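Spelled out, the chains give:
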Amino acid sequence: MLPPSNSLTARIVSLIFVIFTTVYVIAYYFASDYVYTTRLNLSEQNLSQQVQIISERTLSYFDRDQKLIEIGLEKGVYQQWMRNANDEALSEQAINELRVVCRLVDCFGWFLVSDDFRSGFSFNQQDGHYIADQLLPEDEIWYRPIIDSGKNFIIDSSFEAKTQVNGVFLDYVVREDETLLGLVGTYAKATDVYDYLLSQQEQTTTNLIVDDRNVVRVSASHNGEDPVNQFANENWSGVFSSEVIDSLKHFAKNRDTRTHLFTLTINDHEYLAAFKYIEQVEWYAVSLYSLSGSNGDFALVAATAVSIAILLFFVAITALVLNMQVVRPLNHLNSVVNAIDNGDFSVKAGKVGTDVIQNLATHIDMMTDTIAEQFKSLRMSNTALQKARVDADQANKAKSEFLSNMSHEIRTPMNGVLGILQILEKSDLPQASRELVYKATYSADALLVIINDILDFSKIEANKLTLESRPFSMREVVDNVVSDLSLNVEKKGISLSVDINADFEDGWQGDYVRVRQILLNLASNAVKFTETGGVRIALDMFHVDEKTVVVMAVSDSGIGMSTEAQQRIFDRFTQADTSTTRKYGGTGLGMAITVSLIALMDGTIEVNSIENKGTTVTVSLPLEQVSLSENLQQPVHDETLDLSGKRILVAEDNDINQTIIASMLEDTNAKLIFAKNGEIAVEAFRKYSFDAVLMDIQMPVMDGIEAFSLIKEISPNVPIWALTANVMKEEVEYYTKLGFTGHIGKPINLKYLHLVLSELAK
C-alpha cells in the first residue's frame, strides 16, 4: 500500500493527466471538425477552379486559330475570295492561307464559305485533300444560327457527317461594312480537345466532360484509379442520378453558366462534385473530389497532434534548406524572367538550386535562346514588310503620276478637238455638216468619258476616291441627266420619261457630282441597249431606322440580260457578253465604278432583268435631308456674254489652244492678251493692267504656279483661274489651296467658261 502522500500525488497527476487528456481530446475533436470543414471548403474552391479552368481552356483552345485567321482577314485574302468565289486565283490564295493556319495550329480540318455564291471549300486530315462544297438547304441547320448570332466568331461542337467525326469548330463570321461575306474557320477532333482540356488535372480530383450528346468523356491519357473512370464514353444516365441530370438540363435551358456544387454517390463512393455549363459548345465541365475517409479516424488526428512538436523542429530545418535550395534560386529565376519580359534576351539563369530547379533554369535558357531567334526573325520579317509597303506606296505614287501625266497629255489635244467642235456647233452650218459635227462631238465626249472612267477606277483601286458633301437637288440631277441624254434619245427614236413620287421631298446632303455620275451611267446604259420603246427614270424616298433613303430606279425595254450575265456586269472590264461589246461598244468600267461609288455612299444596288424584255436597276442611297437655298445652283444663261472693256490675260503655250480660246471668247468683246509662258505673262502684267487672268499650269520657261505667285504679289485682288488639263481632285484642291480663284479643266466647256467669266460682267 502506497503512502498517503504518494497516493495524493498519484491522484493529482492522474487528474492533471485526465484534464490535459480531456482538453487534448476536446481540442483535437474540434480541430478535426475544423480541419474537415476547412477541407470541404477548400475542396469546393478547388473544384470550382478546376471547372473554371476547363471552361476557359475550352474557349482559349482556338486562340491561335483565331489570331491567324484575323491576319488573313487583315490582308483581305478571304474577303476577296468571298466576293469573287469563282476566281481560281483568289480561291488558291484563300486555300493556301488556310493551309498555313491549319499547319501552324495542327488542326484536323478547315472550311471556307462564300455567302453570295453559296459555295466554298473544306479540308480534313482524314481525306487529306480539300474539296469544293455547295451550301445546300440542309446545311442551313448549322450555318444560319452562326450567321444570325451577331457574333464575330463562335466555338461550337457538332457531328461532321462526311468524316464521321465529332468535332469542335471555330466559326469566324466575315463581314465588310455590315455586309455578310461568308464564313471561315478551323476545327479539331473532339477527342483531341477532351485530352487537352483534361490533361492537367490534380491528383486529388477527377475531371470529366459531358459532351453535347450527354456522353461522359475522360482524357485518353488519364490512368487514374478512381471508379468513375470506368464510365468513360458512356451516357451520363449511368453515372449521375436523375435529380442531378434534371438540374443540369435546367442549367442548359436557362443558359446558366455558373459553377454548381453537388454531393453525389457513384458506385458506392461519395463525391463532392462541381458542374459548369459551357454554353458555346453545350458541354458540362465536371470535377469530382472523393469524400471517402475525409473525416479520418481519431487515432490519425491524435497522431497528427503528437507529430506537431516534431513537425515544428523540422519546419525550422526545412525553412533553412528551402531558403538556400529553393527560395533564393527561384528569386534568381524570377529576376531572369522579368528581364526577358522587358526584352533583355541576353540574361542567363546559369546553375542554381536543386536538380529540379536546375532543370527549370536550363529550359528557361533554352526558351530564351528560342525567343531571341524568333524575335530576330520577326524583326527581319517586319523590315521586309515595311520595305514591301514602301515599294507598294511608291508603285501607287508612280501609277498616279503616270495617270495624271497621261490625263494631261490626252486632254491637251482633246481640248483642240472639242474646242473646235463647240465653236463649229455655234456656226451656221448646213444640216449635213451639223450632223457630222454632232457625231464628232459625241465621239469626243465618249473618249473623254473613258478617260474619266479610267482615272476614277484607278482612284477607287488605290482607295483615294473621296466624297464631297454639300446640299444639292435630286430633281436637278435628274433634269441634267435627261438633258445630257436628250439628243441621243431623239436620234434613236425612243422615249425618256421621269416619274417622281408625289411625296418626294427634295434637298439632300451629299456628293452631287458622284450621284449624278451614278444616275448618268445607269441611264446612258439603258439608252444604249434600248432600240425600241423607252427608258423610265423613277425617283422616290423612304425612311428606315431613322435614316432617309433616296431610291433611283432606271427601267428600259432593251435587250435585257440572262441570270449569268447579271452576275458579271459589276466586274471590271466586263459586259454582259462579248457580242454586247462588239455591237454597242464600251469599256466595261462604268458599272464597276457605279457599284464602287454606291458602296462608298453605303448604298445598295439591285438588278432585275429578263432577256429581250428589259432591265430595271434600283439604287438606294442613305442621304441626309437638308433645306435648299434659292441660289444653290446658278443657272447657265444662254444669252451672249458681254465683256466689253474687260482686259483678260491668257497664259497658254499651245497655239491651237490660243486659237480656240480666242474663238470661244470672240463674241464677248473682251480684249485678250496672250502670253506663251509664265515669264511673259508676269512681264505683261507689270506693264499693263488686267481684269482677269486665265493661267495654264504646265508651260516652258516659267510654269503657271510660279507666275501665279508673282502676279499675286503685284496685284493681290486680280482673279486668276487655273486653265489646265490637270483635273485630278488632289490637283484641283492644291490650286484652290494656293489661292486660285477657280479651276477650268481642259477640254474647255464653252458654257462653263462663259459662266465663270460672267463674274467679270457684274
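Source: prediction; values computed, not measured.

Asker: Give me the lowdown on the packing of helix α12 (residues 512-528) against helix α15 (residues 590-600), citing residues and values where you can.
Answerer: At a closest axis distance of 10 Å, the pairing of α12 and α15 adopts a crossing angle of 145 degrees. Handedness of the α12/α15 crossing: left-handed. Here α12 contributes Arg514, Gln517, Ile518, Asn521, Leu522 and Asn525 to the contact with α15, which in turn contributes Gly590, Met591, Ile593, Thr594, Leu597 and Ile598. In the contact of α12 with α15, the residues fall into six nonpolar, five polar and one charged.

Asker: Would you mind going over the state of the cysteines in detail, with residue names and values included?
Answerer: By definition, a disulfide links the sulfur atoms of two cysteine residues through a covalent bond. All chains considered together, the criterion is met by one disulfide. Paired through a disulfide, Cys102 and Cys107 show a sulfur-sulfur distance of 1.7 Å. Taking the sign of the S-S torsion, -115 degrees for the link of Cys102 and Cys107, the bridge is left-handed.

Asker: Can you break down the packing of aromatic side chains residue by residue, with the values?
Answerer: Under the definition given, this model contains 16 aromatic pairs. Taking 6.4 Å as the distance between ring centres and 40 degrees as the angle between the ring planes, the aromatic pair formed by Phe251 and Phe262 counts as tilted. Here Phe251, found in helix α7 (residues 242-253), pairs with Phe262, found in strand β9 (residues 259-266); they are 11 residues apart in sequence, far enough to count as distant. You'll find Phe251 and Phe262 in the same group, each marked buried. Each member of the aromatic cluster is reached from another via a ring pair, and the members are Phe108, Phe111, Phe169 and Tyr187. Cation over ring: Arg647 sits above Phe690, and NZ or CZ is 5.2 Å from the ring centre.

Asker: Tell me what's going on with the environment of Ile720, and back it up with residues and numbers.
Answerer: Along the chain, the position of Ile720 falls in strand β23 (residues 720-724). Residue classification places Ile720 among the buried residues on the basis of a relative accessible area of 0%. With 12 residues separating them along the chain, Ile720 and Phe708 place their C-alpha atoms 7.6 Å apart. What Ile720 contacts, discounting residues up to four positions off in sequence, is Val693, Met695, Phe708, Ile711, Lys712, Phe740, Thr741 and Gly742.

Asker: Run through the pattern of salt bridges, naming residues and quoting values.
Answerer: Evaluated as defined, the whole model comprises 14 salt bridges. Measuring nitrogen to oxygen at the nearest pair gives 3.2 Å for the salt bridge that ties Arg118 to Asp115. On the basis of relative accessibility, which here comes to 27%, the residue Arg118 falls in the partly exposed class. The exposure class of Asp115 is buried, given its relative accessible area of 14%. Notably, a salt bridge pairs Asp256 with Arg258, separated by 2.9 Å at the nearest N-O pair. The class of Arg258 is exposed, set by a relative accessible area of 55%.

About the criteria used
- Residues numbered from 1 in each chain as written.
- Predicted model: local features only at pLDDT ≥ 70, side-chain atom pairs only at ≥ 80, totals over all residues.
- Heavy atoms only, no water.
- Axes fitted to C-alpha atoms, helices over the stretch in contact; angles between N-to-C directions.
- Helix = DSSP H or I, 4+ residues; strand = E, 2+ residues; numbered from the N terminus.
- Left-handed = near helix turned anticlockwise from the far one by under 90°.
- Contact = heavy atoms within 4.5 Å.
- Nonpolar A, V, L, I, M, F, W, Y, C, P; charged D, E, K, R; others polar.
- Disulfide = S-S within 2.5 Å.
- Phe/Tyr/Trp six-rings, centres within 6.5 Å; stacked < 30°, edge-to-face > 60°.
- Buried < 20%, exposed > 50% of the residue type's maximum accessible area, 1.4 Å probe, protein only.
- Lys NZ or Arg CZ within 6 Å of the ring centre and 35° of its normal.
- Salt bridge = Lys/Arg side-chain N within 4 Å of Asp/Glu carboxyl O.

By themselves, these observations are geometric and do not establish any function.
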